[in-house]
Structures are given as structure tokens and as C-alpha cells.
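Here is how the chains run, residue by residue.
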Amino acid sequence: MNRTTKNNFLQYLVAVTAACLVFGIMQGTKDNYGIMMNGIIEHTGISYAAVSFAIGIGQILYGATQPLFAMLALKKSNAFVLLCGIILMATGLIATPFCTQTWSMLLFFGIILPTGTGALCLGVVMGAISPIIGEKRAAAASGIIQASAGIGDALMAPTLQHLTAWRGITVAMPVFSIPILFMLPVIIWLSQSKKKNETQTFQTNKTEDAHKGETLSVILRAAFRDRTYWCLLIGFSTCGFHMSIIETHLFSQYLSNGIPGSITSLTLTVYGIATMLGAVLTGYLGRFFRMKNVLASVYGIRVLIAIAFIFLPKSILFAFIATAVLGLTGDSTVPPTTGIISGKVGIAKMAVLYGSLCIGHQIGAFASAWLGGILVTTPLSYTALWIVDLCLCSIASFVSFLIKD
């Protein structure tokens, strides 16, 4: 009995660690498009607006491809989808620095690379390890795996910046494909371990069978008639707009204010650590306060951050403090959002509705990446982008208070 318990725990630990590696490296790559942008512009001469547009397309694809890859995983396997994601990401990272035309840069940096990140999304990663760790442990594991995104940001941002400054983007991005390719044996191990745990899969399938009577269209039609869903959608779309400012434009803004690239990459390390703390904190607060109030407060804090970026001078001290606060509110919308959804429709339907909200999130991210590339060429520069963010976050905070949870 003791040995069995130890073996189960070891299996759980190895599976979750493998999932954290896959998801953390994917997210660490995705969240550092802003650093890659400057290297691409400097090396290729492609305009800021064109690269921003490519990132915007990628933001939409990251959200839109997730349900498609989820369907492919059902027909093939989660391991097959993860392998496809690794190949696509590595191809995008290796080929992008050598694209000298806008169309080829858009193809590899705006389509192939982001499509690969969509294949390595949280839902597919969880689908790969759930049969191994068991359904009861899956919820706790998802929180740990989500936190690994912060670790990926913290480690990969300064590494990418130093590589770009040292050897240029033609070396930095292909080198970043190496840890992606190292995930191949991890995926193969996950696939083999899943085959050894078919009894666990049977238990998961029984839960899914209980909801076969409700199709995707039925669930979504019911959601579209619910005011709470629309409030969450407005908020999450705003969240995507806000987060894309950080991922796409914040690095360039700090550079334009005279802050060295090495210091700026360190602020993104602080950001990565703070995102983990923020997600844990709002999850904890949701146990004692109404989740809609926690969610509205997070958007309210983002309003204050936008005001700070509009009016305060951008010193090194400001960069560290502001980026830390941005991190604390970064992933902190996820626990209350998922909590409100699961409280209304149950855990089984939560994944479907959360996935649909993610599409809205990525549409907001596209608008931010694309619009930012245009607004920074105006006399107000980055300030114009923060003014838009201020207005949207104010609306998101207001509608979140209207949620009936």
C-alpha cells in the first residue's frame, strides 16, 4: 500500500512537471513577442506597424485554434496535437529571422508560430496528463501548470533579450527553438504513460457521457441569453487588450523612454513572478469575497495602472514598480472568471464556455497589437494606447459589478 502510494505520487509529480515544462516554455515564448519584435524590425527593416499586425493575427489564431486542436485531439490524441504544436513553433522560430518580406514574416511569425502555441494550450496539455494523474487531481494540477507560465516568463525574457543583444535575432530565435524541440521526448513519455492508464480514461469518459445530450451549440445559445456571460465576455476581451499591451508594446515603450534593454528584460522577469502571485491571491480572495467583486477590483487596479502610465515619468524605478503591479493583475482575472462560470453551469460545461471567452480575449489582444502599431506613430505615441486601455478597463470593472454570481 505504501509503495503504491509512493508510485502514484511519483507518477503525479513527473506528469505535472512534464506538463509545466511544455506549457511554461510555450507561454514564455508567446509572452515575449515584444522582445522579438525589436530584433525583427532591426534585422529586416520591416515596419513597426507591420510586425504589430502580424502579432495581432497571431493573438487571434492562438485563441481560435484552441477549440480546433481540441477536436483534433479527440479524433487523434493529445500527444499528436502536442507534437504538431512543437513542430509548428520550432518552424516559426527558426524561419522568422530570415524573412525579409512582410508576407513571409506574417506567414511564419504571425501564423505558423502562434498556431503552434495554440496546440500547446492549457486544455490540450491537461487532456494529455489527466488520464495519468486522475480526474480528482486534475483541478489542482491545472493551477500549478498555469503558474508555470510565470516561471517561463521570468526565465525566458532576460535570456531572449541577452541573446538578441549579443548575437542578434537570427541567433536568438532559432536558439529558442531548442527547448521546444527538447519537449519531444517529454510528449512521447506522456503518450506512453497514457496508454498504461486506460482505466483512468474510462472514468473520464463516463463523466463526459453524462453531458452528451447537450451539444456545443445548445450550451452556447444558453450562454448568449445570460447577462453574466456577456459581462464576462466584455471583461475578458478587455483583458486580452490589456495583456497584449504588455506582451507586444511594453518592451518597446521602455526602450523609447531610455531604459536599457537589459533592465527592461529584468522588469519582465519581475512580471513573470508577480503573475503567479496574483493568480494565487485572487483565487484565495475568492473564498472570502464575492468573485464578481474580486474580478471588478482587478480591472479597477488596471485603471489605476493606465493612469500611472499616462501621467507619471518613466524612470527605471517606475518600470519595476509598474511592471510588478501589471504582473499581479496579469493572470488574476482567470480564477474569478472560471469560478463564476463553474458556479453557474458546473465544471463539465466550464471548459466550453471558458474556451469561448478565450476567443473574445484574443480578439481584444489582436486589436491591441494592431492598434498599438498605429497609435505609437501619432503625436501621443504610447500614451494613446494607455488612454484606450483606461476606458476599456473602466467599462470592464463596471460590468463585472453587474454580474449575478
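Residues numbered from 1 in each chain as written. Predicted model: local features only at pLDDT ≥ 70, side-chain atom pairs only at ≥ 80, totals over all residues. Heavy atoms only, no water.

## Quick word on unusual backbone geometry
Then comes step 1: Look at S381: it is not a glycine, yet its phi comes out positive at around 55°.
Then comes step 2: Looking at the element boundaries, S381 is found in the loop between helix 17 (347-375) and helix 18 (382-401).
Then comes step 3: Exposure remark for S381: the relative accessible area of 22% places this residue in the partly exposed category. (Helix = DSSP H or I, 4+ residues; strand = E, 2+ residues; numbered from the N terminus. Buried < 20%, exposed > 50% of the residue type's maximum accessible area, 1.4 Å probe, protein only.)

## Some thoughts on the nonpolar core
Then comes step 1: The biggest cluster of nonpolar side chains holds 106 residues, and the ones touching the most others in it are M36, F109 and F309.
Then comes step 2: Broken down by element, the residue count for this core peaks at 13 residues, all from helix 12 (residues 227-256).
Then comes step 3: The residues contacting M36, other than those within four sequence positions of it, are T29, L93, F109, L160, I169, M173 and F176. (Core = buried A, V, L, I, M, F, W, Y, C linked by side-chain atoms within 4.5 Å. Contact = heavy atoms within 4.5 Å.)

## A closer look at a nonpolar patch on the surface
Then comes step 1: On the surface, a cluster of nonpolar side chains totalling about 450 Å² of accessible area is made up of F9, L10, L13, V14 and W189.
Then comes step 2: With four residues, helix 1 (residues 2-30) is the single largest residue contributor to the nonpolar patch.
Then comes step 3: Looking at where V14 falls in the secondary structure, it is placed in helix 1.
Then comes step 4: Take V14: its relative accessible area is 34%, and that puts it in the partly exposed class. (Patch = residues over 30% accessible without salt bridge, like charges linked within 9 Å, V, L, I, M, F, W, Y side chains within 5 Å. Areas by Shrake-Rupley, 256 points an atom, 1.4 Å probe, with all protein chains shown as cover. Salt bridge = Lys/Arg side-chain N within 4 Å of Asp/Glu carboxyl O.)

## A short note on the packing of helix 2 (residues 33-44) against helix 3 (residues 48-75)
When two helices pack together, their arrangement is given by the angle between the helix axes and the distance between those axes.
Then comes step 1: Where helix 2 meets helix 3, the closest approach of the two axes is 10 Å, and the angle between their N-to-C directions is 145°. Here the hand of the crossing between helix 2 and helix 3 comes out right-handed. For the pair formed by helix 2 and helix 3, the contact residues are Y33, M37, I40 and I41 on the first element and Y48, V51, S52 and I55 on the second.
Then comes step 2: Along the lines of polarity and charge, the residues of the contact of helix 2 with helix 3 split into seven nonpolar, one polar and no charged. (Axes fitted to C-alpha atoms, helices over the stretch in contact; angles between N-to-C directions. Left-handed = near helix turned anticlockwise from the far one by under 90°. Nonpolar A, V, L, I, M, F, W, Y, C, P; charged D, E, K, R; others polar.)

## Side note on the side chain of D31
Then comes step 1: By secondary structure assignment, the location of D31 is in the loop between helix 1 and helix 2.
Then comes step 2: No salt bridge is formed by the buried D31, whose closest oppositely charged neighbour, K30, lies at an N-O distance of 4.1 Å. (Lys, Arg positive; Asp, Glu negative; His and termini not counted.)

## Section: the confidence of the model for the chain
Then comes step 1: Averaged over every residue, the pLDDT of the chain is 82; residues scoring 70 or more account for 87%.
Then comes step 2: The low-confidence segment residues 198-213 (pLDDT under 50) makes 10 contacts with residues lying over four places distant or belonging to another chain. (pLDDT = per-residue confidence, 0-100.)

## Considerations on the packing of helix 12 against helix 14 (residues 291-311)
Then comes step 1: Between helix 12 and helix 14, the least distance of the axes is 12 Å, while the angle of their chain directions is 35°. Helix 14 is crossed by helix 12, and the crossing has left-handed handedness. Here L232, G235, F236, C239, H242, M243, L250, Q253 and Y254 of helix 12 lie close against helix 14, whose contacting residues are L295, Y299, R302 and F309.
Then comes step 2: Grouping the amino acids of the contact of helix 12 with helix 14 by side-chain chemistry returns nine nonpolar, three polar and one charged.

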